[in-house]
Every structure is written in C-alpha cells, then in structure tokens.
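# Commentary on secondary and tertiary structure
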Amino acid sequence: MKVSVPTRLRQKRGYFSLNQSSGALTIGQNTPVGSYWLRVGVSDGVWPDVISGVRVHVRELEEEAILSSGSLRFTGITAREFIDSHVRGKSRLETLWDFLAESLAVRPGSVNIFSIADTGEKTLDIHFSVFTDTEYLQPEKLHGTLAARKKELQSILRVNVSQVQVDECALGAAACRAGGGGCLTQLSVSDTPTLLDGGSFSLVSLTASTSAVCGCAARELVRQPCASYPVNPCLHGGTCVDTQSGYRCRCPPQLQGPECQQTKRSFHGNGYAWFPPVRPCYDSHLSVEFMTEEEDGLLLYAGPLATLLPGDAEDYMAIDLDILVKATEVMRK
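So, a few notes on the structure that sits alongside this text. (Residues numbered from 1 in each chain as written. Predicted model: local features only at pLDDT ≥ 70, side-chain atom pairs only at ≥ 80, totals over all residues. Heavy atoms only, no water.)

### Some details on the pattern of salt bridges
All chains considered together, the criterion is met by eight salt bridges. A salt bridge links Lys122 to Glu81; the shortest N-O distance between them is 3.1 Å. Placement of the pair is Lys122 in the loop between β9 (111–120) and β10 (123–130) and Glu81 in helix α3 (residues 79–84), with a sequence separation of 41 residues. Classification of Glu81 by relative accessible area gives partly exposed; the value is 33%. Put simply, Arg107 and Asp133 hold a salt bridge, and the shortest N to O gap is 3.4 Å. Taken as a pair, Arg107 in the loop between α4 (92–103) and β9 and Asp133 in the loop between β10 and α5 (139–148) lie far apart in primary sequence, 26 residues in all. Among the charged side chains, a network of salt bridges with common partners joins Arg73, Asp125 and Glu168. (Salt bridge = Lys/Arg side-chain N within 4 Å of Asp/Glu carboxyl O. Helix = DSSP H or I, 4+ residues; strand = E, 2+ residues; numbered from the N terminus. Buried < 20%, exposed > 50% of the residue type's maximum accessible area, 1.4 Å probe, protein only.)

### Notes on α4
For the α-helix, the turn length of 3.6 residues means that residues three or four positions removed from each other point alike. For α4, built from twelve residues, the straight-helix expectation of 16 Å at 1.5 Å per residue is met to within 8% by its first-to-last C-alpha distance of 16 Å. For α4, the full list of buried residues reads Arg92, Leu93, Thr95, Leu96, Phe99, Leu100, Ala101 and Ser103. Following α4 by one or two positions, Ala105 adopts a phi angle in the positive range, close to 55°. (Expected span 1.5 Å × (residues − 1).)

### Some words on the packing of α4 against helix α6 (residues 150–157)
To characterise two packed helices, one gives the angle between the axes of the helices and the distance between these axes. Across the interface, α4 lies against α6 with an axial gap of 10 Å and an inter-helix angle of 150°. It follows from the interaxial angle that α4 and α6 lie roughly antiparallel. Relative to α6, α4 is oriented so that their crossing is right-handed. Within the contact between the two elements, α4 uses Arg92, Thr95, Leu96 and Phe99 and α6 uses Glu152, Leu153, Ile156 and Leu157. (Axes fitted to C-alpha atoms, helices over the stretch in contact; angles between N-to-C directions. Parallel < 35°, antiparallel > 145°, perpendicular 65-115°, else oblique. Left-handed = near helix turned anticlockwise from the far one by under 90°. Contact = heavy atoms within 4.5 Å.)

### So, the side chain of Ser129
Take Ser129: it is sitting in strand β10. Excluding residues within four positions of it along the chain, Ser129 makes contact with Ala65, Ser110, Val111, Asn112, Phe114 and Tyr136.

### Regarding the sheet that holds β10
Across the sheet, four strands lie side by side as β9-β10-β6-β11; this open sheet has antiparallel pairing. Edge strands, defined here as strands with exactly one partner in the open sheet, are β9 and β11 (160–164). Put simply, the sheet's adjacent strands are angled 25° from each other on average, direction ignored. Against the sheet, α4 engages β6 (70–75), β9 and β10, with an angle of about 130° to β9. Lying over the sheet, α5 contacts β6, β10 and β11, oriented at roughly 35° with respect to β6. (Pairing = 2+ DSSP bridges.)

### Some thoughts on unusual backbone geometry
Phi at Arg158 takes a positive value of approximately 60°, unusual for a residue other than glycine. Structurally, Arg158 is set in the loop between α6 and β11. A residue is classified by how much of its surface remains accessible, and Arg158, at 54% relative accessible area, is exposed. Of note in this structure, Gln165 is not a glycine but carries a positive phi near 80°. Relative to the helices and strands, Gln165 resides in the loop between β11 and α7 (169–178). With a relative accessible area of 26%, Gln165 lands in the partly exposed category.

### Description of the state of the cysteines
Across all of its chains, the model carries four disulfides by this definition. Disulfide pairing is shown between Cys169 and Cys183; the S-S distance is 2.1 Å. Its S-S torsion of about -90° marks the bond between Cys169 and Cys183 as left-handed, since a negative value means left-handed. With Cys169 in helix α7 and Cys183 in strand β12 (residues 183–197), this pair connects stretches of sequence that are 14 residues apart. You'll find Cys169 and Cys183 in the same group, each marked buried. Residue pairing for Cys226: its cysteine sulfur links by disulfide to Cys240, the two sulfurs lying 2.1 Å apart. (Disulfide = S-S within 2.5 Å.)

### Here's the deal with the nonpolar core
Core analysis: the largest hydrophobic core is formed by 31 residues, its most contacted members being Leu72, Phe74, Phe82, Leu96, Ile113 and Ile116. Listing elements by their share of this core, those giving two or more residues are β6, α3, α4, β9, β10, α5, α6 and β11. If one sorts the elements of this core by residue count, α4 sits on top with five residues. Not counting residues within four places of it along the chain, the set of residues in contact with Ile116 comprises Ala79, Ile83, Leu93, Leu124, Asp125, Ile126, Leu196 and Leu203. In this structure, Cys226, Cys234, Cys249 and Cys260 belong to the second largest nonpolar core, which totals six residues. (Core = buried A, V, L, I, M, F, W, Y, C linked by side-chain atoms within 4.5 Å.)

### Quick word on a nonpolar patch on the surface
A cluster of nonpolar side chains, namely Val278, Leu286, Val288, Phe290, Leu299, Met317 and Ile319, defines an oily patch on the protein surface of about 560 Å² accessible area. Assignment of secondary structure puts Val288 in the loop between β17 (262–263) and β18 (297–302). (Patch = residues over 30% accessible without salt bridge, like charges linked within 9 Å, V, L, I, M, F, W, Y side chains within 5 Å. Areas by Shrake-Rupley, 256 points an atom, 1.4 Å probe, with all protein chains shown as cover.)

Set out below in structure tokens:
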C-alpha cells in the first residue's frame, strides 16, 4: 500500500509529515494554533485509489491552564470507549464538551479538555480548563458548578461520575493520618505525549496523573524568589517583593493575608464569595470577623453542593448565624 501526498499537505510540510508506508501523520513542534484540513491519497495497486480527509485541531495549553484546571473521574468505562461511543447522536466527548460550556455559561471553544486517560480498570480521569474572555475560571468554580449538576451529568453521559475533582486522598488519607499528617492530591504533568486513538477521532495530549501525597501544603510551604513562579503568587493585584526568606506580598487596600487572599466582602441578602475548599490538615483553626444587620444567615459552608448519591462523602462544616438576637438581648441587659 502506498500513501501519496497531495498538494495541500505538501504546502503544510513545515507542520505535518506523512509516513508513506504506514500512513502515520506526525505534527511538528511549534505548529501554529488553528484548524488544518488535510487530504491524503491512498493506493494499494489493487483497489481504486481513495482520497481521505482529516481535520486537525491544534490548541495551545498554557501552564496557567493546567494550574487552573478541573477534573472528573468516571468509572465503568475506558478512555477509548468514552471517545468512541455515542449518546443521543453525539460522542460522549462532544456531549461532555457541550455540557461543560452550558453549565459554565461559556462558548464551547472556551473549554479545553486536554487529558483523557485510563487510571485503572474501567476508571477514567479527565482534566480540563475553561478560559473566558479575560481569565481562566478557577478550580473551585469548575468543581462547585459540576458538583451541583453531578446527577444530571451522569444521566446525560450514561456513566458513573465517581468524583468531581479527582481526590486520591479519599483512599490514601488513612496512611497519612496514621503518620499524624494531612493529605493532598498532587497533579503531575509530563511533556511526553499520550495518544488516545478512537478510530475516527484521536486525541494527542500531555500525560497527566494524580497521586496522594502526605503532608500539609499550607504549613510546609517554602517561599521561593518571585522570579521562580510562572505567574504572580500574589493574588488580587498584589505586588510580589523578594526578601531573604523568599517572596512576600504587598497587598492593595482592603486585602490581607500572605497572598492577599483575605478580603473584605459586603453582601445584601443574596450574595456569596466562593473560595477553595477547606482541606483537613493536623489541627486546623478558622476565624471569621463580621458585622451584620440580619438576625440569621449562613456565614460559611463547606460540603456537598447537591443531593448526595450512593458513595458520596457526607461530611460538611457550617457556621450558621442564628443566635444574634439572643446575644444582643444579653448585651442590652
């Protein structure tokens, strides 16, 4: 069998190369972002020649996208089955893409599913990022929104969503607790490409994996010089300043905290602030300062955001304001 190279592909030789014996198509480094339509002729000297077409989508994956990524874990299905099978006339991958865009109120092109990988027998992890017109949506936004619609997502994809936000500590925390420490899930990425071939569709991406790491990230944090970080470690417009013991953040007015993460917010009955979830780590301490004109309300909640399904974690923490009137009456006396 011989694979010929039509003019259109020859014009893109700087970006793509074709093995005329095997038919393998290789993309070169630094290929510009965009969509490419390639036409390839196939001839075996026996049957009539065939002209085949393939569309290649090249997307940029920034480091910030990985740091801001969300994740899902499905069980009862393999990666190839996921991209090759169909529900409601579309592949499960296309269906997930549309669901993410609709749930997060963004265009489908703003969603980048950059890793689909088998992590065990009939266990599949998916990592994705979402970029709006100005910034990447943060993981807590991605995971919170999807957790609230987990049951709907399962129904649409017809798969078991075992985790919204892959958490290796769900199984590995026991060993960490035995050692007297906390546990965190660490995402590792490799430049080594992973090829997922579904026949009519293939995905080539970086290799992403997660693992349980014992320790307490907040207490064991070692601060490096400002230039060591790919993005400014100071949040909300804070200025990174180098010191002998690592970076420090100079925060704008109204902001406090080591990374300018502590901020003052005002609400008028129907607002809220969404922060990364509280992770258990040794003995943790939490303090809240507030002023209010309301007699009751929910000050803080950490836990499930939707109706629990079998196997879901049931733990939650809430600070509920419902004794203000009594406290005020005591103070008046």
